[in-house]
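Residue-level listing of the chains:
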Amino acid sequence: MRDNKKRRLAYIIYIVCLFIFFYLPIVVMMVFSFNSSKSLTSMSGVSLRWYSRLISDGSIMRAVYVSLTIALFATFASTVLGTITAIGLSKSRKIIRDVVLNINNIPILNPDIVTAISLMILFSSAMITKGYMTMLVSHIAFCTPFVITSVYPKVRQLDPSIADAAMDLGATPFEALIKVIIPMLRDGIYAGILLAFTMSFDDFVISYFVTGNGVENISITVYNMTKRTNPTINALSTIVILVIALLIIMSRVIPNHFKNAMKRILLVGLVVIVGFATFAGLKGRGRTLRVFNSGEYMDPQLIENFEEKYDCKIVYETFDSNESMYTKLMSGSEYDILIISDYMIERLIKEKELQPVNWDNITHKDDIDPANMGYVFDPTNKYSVPYFVGTVGILYDKNKVDPEDLNDGWELLRNPKYKGDIYMYDSERDSFMVALKALGYSMNTTDKQEIQEAYQWLIDQKENMDIVYAGDDVMDNMIAGNKAIAVVYSGDGAYIMAENEDLGFIEPEEGTNEWCDCMVMTKDCTDTDLAEAFMDYMLEYDVVYDNSIFVGYTTPVAQVREDMKQEEFKGINAYIPNFGAKNNEVFRYQDTETRAFYSDLWTKIKAY
């Protein structure tokens, strides 16, 4: 008897631990959706500010709309196709059935990234403009095999003569299918519907590569939002979870005689959504400008203001890295303006993918700080208009780091006193920059011996210092004081210092990466007047000020920069780093061989 009680108790404890493991992260996220500050690790008060921002953020609401409509249409289409295919296979010859089922398993077993690249190449080769329809077709393509897998076992369980019996009793073949076969496959079809909807609504990888024309679903929008600390994600996720929980509860507690009414309500809702999907966007503007920018790198309100001012439509898309931008551009996606980094600008200039800017149309050109013009990647600014600028430096906790140790420069990152207390930036080029500068070499070196020395520097650091490679999560961790030292971009450093007054920022005398992100026009841009008007608009004082507050990075517009230094970032030296310092460099374009050599060594460092 006691043994049974012990087993039951152990089982209960196991279940409780399992539920805590699964749901505690969700509960924490939901709690922080009501945090009054941006911090993801420290509650500073209760507020609905992120829910308010979610509702007012048009880009997020559009993403919800896209995700929902795509999921519904893809579910309907894939369920019809999958069910018909499963029924057809049951009547096919064995050799045909086996071949089709094996082919059906390929997209299920295939990594999503392979499917995504394949579909992207297909649409580009066929000269199909990527957007809502390409995403929908792609979702139907990868959901249908899952429906077939769910329905086919139920078909195999049917009596082969049941359709014949129905027709002997007077049913037409169509009636036998709809009134006899389909109802008997109901459980398998429902499973296929749920699986297809979940796969579509949840998808990121395939959607990311096949979309265009400014169409983004929730997954893409959330992924881009994670490039900066944005608690709006918590609010959105909380709402999605609550809606799902509510639907599950309703499906269990609503009496059967009400379920038919609920089905009608859902059907009406679906018709409304279909109507919106059909007629959305009919009201358009005459001129269109396609802008491709990094995620969370522009205040969305500025785009709406520009559209009103110039009576045009901005198709705004975002990318997560310069390299993914390059992949989409080379795959055939067309854009008018790119907002990209220095070395990528140099590469696109070499490959003749850009067209010159007519600076006569840039009326605010004199407002740009001369120190942020004429970089080596575009010495005369023939192709580029500066957007944001900055450097890479060391952020440190004044209460933990000895001021004397700051004189060590980059070697501070290998000081044994701070073992286990350092964040390195999870970036191949910036990490090698740190090592190369510490060794006294150029961060753009192509000398394999120097690169090997930098590799060994990083290996020794990782082995002896117990460092952590971090991405944008370093911002919240440093605000919370989780470590003493971090390698950060100056703009991120300024934001972190504004949240935590115990932090300081230095740029080592050995030099650092001085970067400049710019607006450029692609060779495909036809409405150059509108493109240059947009570039000029992004240099207007009020626009620059609002954009700088939203992004938190340093603007090249001198007057705004000085005003921000006295107001939003008063006393924070990271906001205006040491531009033009003697040993500072800008990243240059790397040839294929050099890029591969660095990449191979970086893989070894991360795997060490």
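Relevant structure appears above.
Remember, it's a predicted structure, so these values are computed and weren't measured experimentally.

Thresholds, definitions, all that
- Residues numbered from 1 in each chain as written.
- Predicted model: local features only at pLDDT ≥ 70, side-chain atom pairs only at ≥ 80, totals over all residues.
- Heavy atoms only, no water.
- Buried < 20%, exposed > 50% of the residue type's maximum accessible area, 1.4 Å probe, protein only.
- Helix = DSSP H or I, 4+ residues; strand = E, 2+ residues; numbered from the N terminus.
- Axes fitted to C-alpha atoms, helices over the stretch in contact; angles between N-to-C directions.
- Parallel < 35°, antiparallel > 145°, perpendicular 65-115°, else oblique.
- Left-handed = near helix turned anticlockwise from the far one by under 90°.
- Contact = heavy atoms within 4.5 Å.
- Nonpolar A, V, L, I, M, F, W, Y, C, P; charged D, E, K, R; others polar.
- Core = buried A, V, L, I, M, F, W, Y, C linked by side-chain atoms within 4.5 Å.
- Polar contact = N/O pair within 3.5 Å; in protein donor to acceptor, adjacent residues only side chain to side chain.

What is the right way to look at helix α16 (residues 342-350) in this model?
Helical geometry note: an α-helix holds 3.6 residues per turn, so side chains three or four residues apart project in the same direction. For α16, the buried fraction is high: seven of the nine residues fall into the buried class. Listed as buried for α16 are D342, Y343, M344, I345, E346, R347 and L348. Remark: K352 follows α16 within two positions and exhibits a positive phi of approximately 60 degrees.

How should the packing of helix α4 (residues 94-109) against helix α6 (residues 132-156) be read in this particular structure?
Helix-helix packing is described using two parameters, namely the angle between the two axes and the distance between the axes. Viewed as axis vectors pointing N to C, α4 and α6 meet at an angle of 130 degrees, and their least axial separation amounts to 9 Å. Judged by the inter-axis angle, α4 sits oblique to α6. Like other packed secondary-structure pairs, α4 and α6 cross with a definite hand, here left-handed. Counting all contacts with α4, which are made through R97, L101, N104, P107 and I108, the residues of α6 involved are P145, F146, I148, T149 and Y152. Of the residues that constitute the contact of α4 with α6, the class distribution is seven nonpolar, two polar and one charged.

I keep staring at the nonpolar core and nothing clicks. Help me out?
One broad trend across soluble globular proteins is that nonpolar side chains are buried collectively. One finds M325, L413, F432 and I485 to be the most contacted residues of the largest nonpolar core, which totals 152 residues. Looking at this core element by element, the count peaks at 10 residues for α6. When residues no more than four places from it in sequence are discounted, the contact partners of M325 are F292, F319, L338, I340, M344 and L348. One finds L54, V222, A235 and L236 within the second-largest nonpolar core, a separate group that totals 10 residues.

What exactly am I supposed to notice about the side chain of E317 here?
Looking at the element boundaries, E317 is found in strand β2 (residues 312-319). Look at E317 and you get buried, because its relative accessible area is 5%. A distance of 3.2 Å separates polar atoms of two side chains, one belonging to E317 and the other to Y335. Sequence-distant contacts of E317, that is, excluding residues within four places in its chain, are made with T211, G212, N213, G214, E216, V291, F292, N293, K328 and Y335.

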